[in-house]
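So the chains spell out like this:
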Amino acid sequence: MNDNSISIKEKLKQVSTATIATCLFKKGLKNQFIQDVSPLKKGKPTMVGEAFTLRYIPAREDLNPITVFKDPKHLQRVAVEKCPKGAVLVIDSRKDARAASAGSILATRLMKRGVSGLVTDGGFRDSAEIADLDFPTYHNRPSAPTNLTLHQAIAINEPIGCGDVAVFPGDFMVGDNDGVMVIPQHLAADVADECLEMTLYEEFVIEKVGEGASVIGLYPLTNNTLKTEFETWKLLNKKV
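Residues numbered from 1 in each chain as written. Predicted model: local features only at pLDDT ≥ 70, side-chain atom pairs only at ≥ 80, totals over all residues. Heavy atoms only, no water.

Caption draft 1: Highlighting the pairing of strand S3 (residues 88-92). Most of S3 sits out of view: 5 of its 5 residues are buried. What you see with S3 is no split at all: Val88, Val90 and Asp92 on one side and Leu89 and Ile91 on the other are buried throughout. As judged from the 5 bridges shared by strand S2 (residues 47-58) and S3, these two strands associate in the parallel manner. Looking at the pairing, arginine 55 lines up with aspartate 92 of S3. Regarding the hand of the β-α-β motif, the stretch spanning S2, helix H3 (residues 75-82) and S3 is right-handed. In the sheet, S3 pairs with strand S5 (residues 117-120) via 4 bridges, with the strands oriented parallel. From the neighbouring strand, leucine 89 faces S5, where its bridge partner is leucine 118. (Buried < 20%, exposed > 50% of the residue type's maximum accessible area, 1.4 Å probe, protein only. Helix = DSSP H or I, 4+ residues; strand = E, 2+ residues; numbered from the N terminus. Pairing = 2+ DSSP bridges. Right-handed = clockwise from strand over helix to strand, strands pointing away.)

Caption draft 2: Structural detail: the nonpolar core. Leu54, Cys83, Leu89, Leu110 and Leu118 are the most contacted members of the largest nonpolar core, which has 22 residues in total. Among the secondary structure elements, those contributing two or more residues to this core are S2, H3, S3, helix H4 (104-112) and helix H5 (127-131). The contact partners of leucine 110, leaving out residues within four places of it in the chain, are Val80, Cys83, Leu89, Val115, Leu118 and Phe135. By size, the runner-up hydrophobic cluster in this structure holds 17 residues, among which are Ile8, Met181, Leu187 and Val191. (Core = buried A, V, L, I, M, F, W, Y, C linked by side-chain atoms within 4.5 Å. Contact = heavy atoms within 4.5 Å.)

Caption draft 3: Examining the pattern of salt bridges more closely. Tallied over the entire structure, the rule returns 14 salt bridges. A salt bridge links lysine 95 to aspartate 164; the shortest N-O distance between them is 2.9 Å. Residue lysine 95 is located in the loop between S3 and strand S4 (100-102), and its partner aspartate 164 is located in the loop between strand S9 (160-162) and strand S10 (165-167); the two are separated by 69 residues in the primary sequence. Glutamate 197 is the salt-bridge partner of lysine 234, the closest N and O atoms lying 3.5 Å from each other. Residue lysine 234 is found in helix H7 (residues 224-236), and its partner glutamate 197 is found in helix H6 (residues 188-210); the two are separated by 37 residues along the sequence. Residue lysine 234 is classed as buried on the basis of its relative accessible area, which comes to 7%. Glutamate 197 sits in the partly exposed class, given a relative accessible area of 40%. Shared partners join several salt bridges into a network, and the residues in it are Arg94, Asp96 and Arg98. (Salt bridge = Lys/Arg side-chain N within 4 Å of Asp/Glu carboxyl O.)

Caption draft 4: Quick peek at the environment of aspartate 96. Relative to the helices and strands, aspartate 96 resides in the loop between S3 and S4. As a C-alpha pair, aspartate 96 and proline 39 span 57 residues in sequence and 17 Å in three-dimensional space. Setting aside residues no more than four positions away along its own chain, aspartate 96 makes contact with Asp121, Gly122, Leu150 and His151. Side chain to side chain, aspartate 96 and arginine 98 meet in a polar contact 2.8 Å long. (Polar contact = N/O pair within 3.5 Å; in protein donor to acceptor, adjacent residues only side chain to side chain.)

Caption draft 5: Representation of empty space enclosed by the protein. Summed over all chains, the structure comprises 2 cavities of 30 Å³ or more. Considering only enclosed or pocket space, the largest cavity measures out at about 60 Å³ in volume. Looking at the lining of the largest cavity, the elements that each hand over two or more residues are strand S7 (137-139) and strand S11 (172-176). Broken down by class, the residue content of the lining of the largest cavity amounts to 5 nonpolar, 4 polar and 3 charged. Within this model, the second largest cavity holds a volume of roughly 40 Å³. For the lining of the second largest cavity, the secondary-structure elements that each account for two or more residues are H3, S3, S4 and H4. Of the residues contributing to the lining of the second largest cavity, the split by class is 8 nonpolar, 2 polar and no charged. (1 Å grid on protein atoms, 1.4 Å probe; cavity = no way out; pocket = protein on both sides within 12 Å on 5 of 7 lines; lining within 4 Å. Points joined across faces, edges and corners; volume = space filled by probe spheres on them. Nonpolar A, V, L, I, M, F, W, Y, C, P; charged D, E, K, R; others polar.)

Structure follows, in structure tokens:
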């Protein structure tokens with residue numbers, strides 16, 4: 001991980017998924033919000049990290065008896081042990097939460113290894129235990145059955161689909177109370193900078209609206225007097 005990646009992450013931790021969504025929409029990207037996925041527990045710090053992926057295909061009974069977990073090369077277990085520190089493990093479960101994508105033991109192992117978060121468009125078992133971890137996690141809904149009943153781990157760190165969004169290894173994942181956004185890796189630096197500025201302006205807007213100001217000319221900013229006021233506000237509040 002280089003210094004630039006660290007800087008991008010620190011910036012993205014200060015912005016919301018809503019702001020990122022608007023920023024990406026301005027760049028022509030409309031489908032970067034993972035659908036039907038939410039945090040197991042709200043109120044945790046913003047999740048930020050590069051994607052490390054695991055892909056499932058439908059399980060076939062003769063290939064997925066419970067004994068396959070004894071294989072040290074089982075790809076679900078390998079993904080948990082290979083996911084880099086600071087990354088986010090993103091699991092393509094084909095939007096199928098009828099069987100769990102992982103459980104509390106694997107989530108705990110990821111947390112202890114310094115991984116930044118865990119996302120699936122399926123479900124997790126032991127969901128209450130996972131929710132209580134000091135570790136951001138996102139799924140569709142709780143699911144008790146073992147993954148082997150419906151999912152076969154088939155590949156790690158290749159492009160996947162998660163909640164109808166294309167996720168490429170190295171893309172930046174950002175998760176908050178609203179859900180998870182996927183930022184293409186080559187856009188991450190620009191998006192981080194633009195979102196910080198957008199967040200700063202939204203802070204000004206909230207203050208003005210709280211004082212009773214109209215949103216016309218303010219949001220979006222088209223009024224020249226308000227533009228000047230915003231620049232003065234930044235100086236007075238040491239935002240520049």
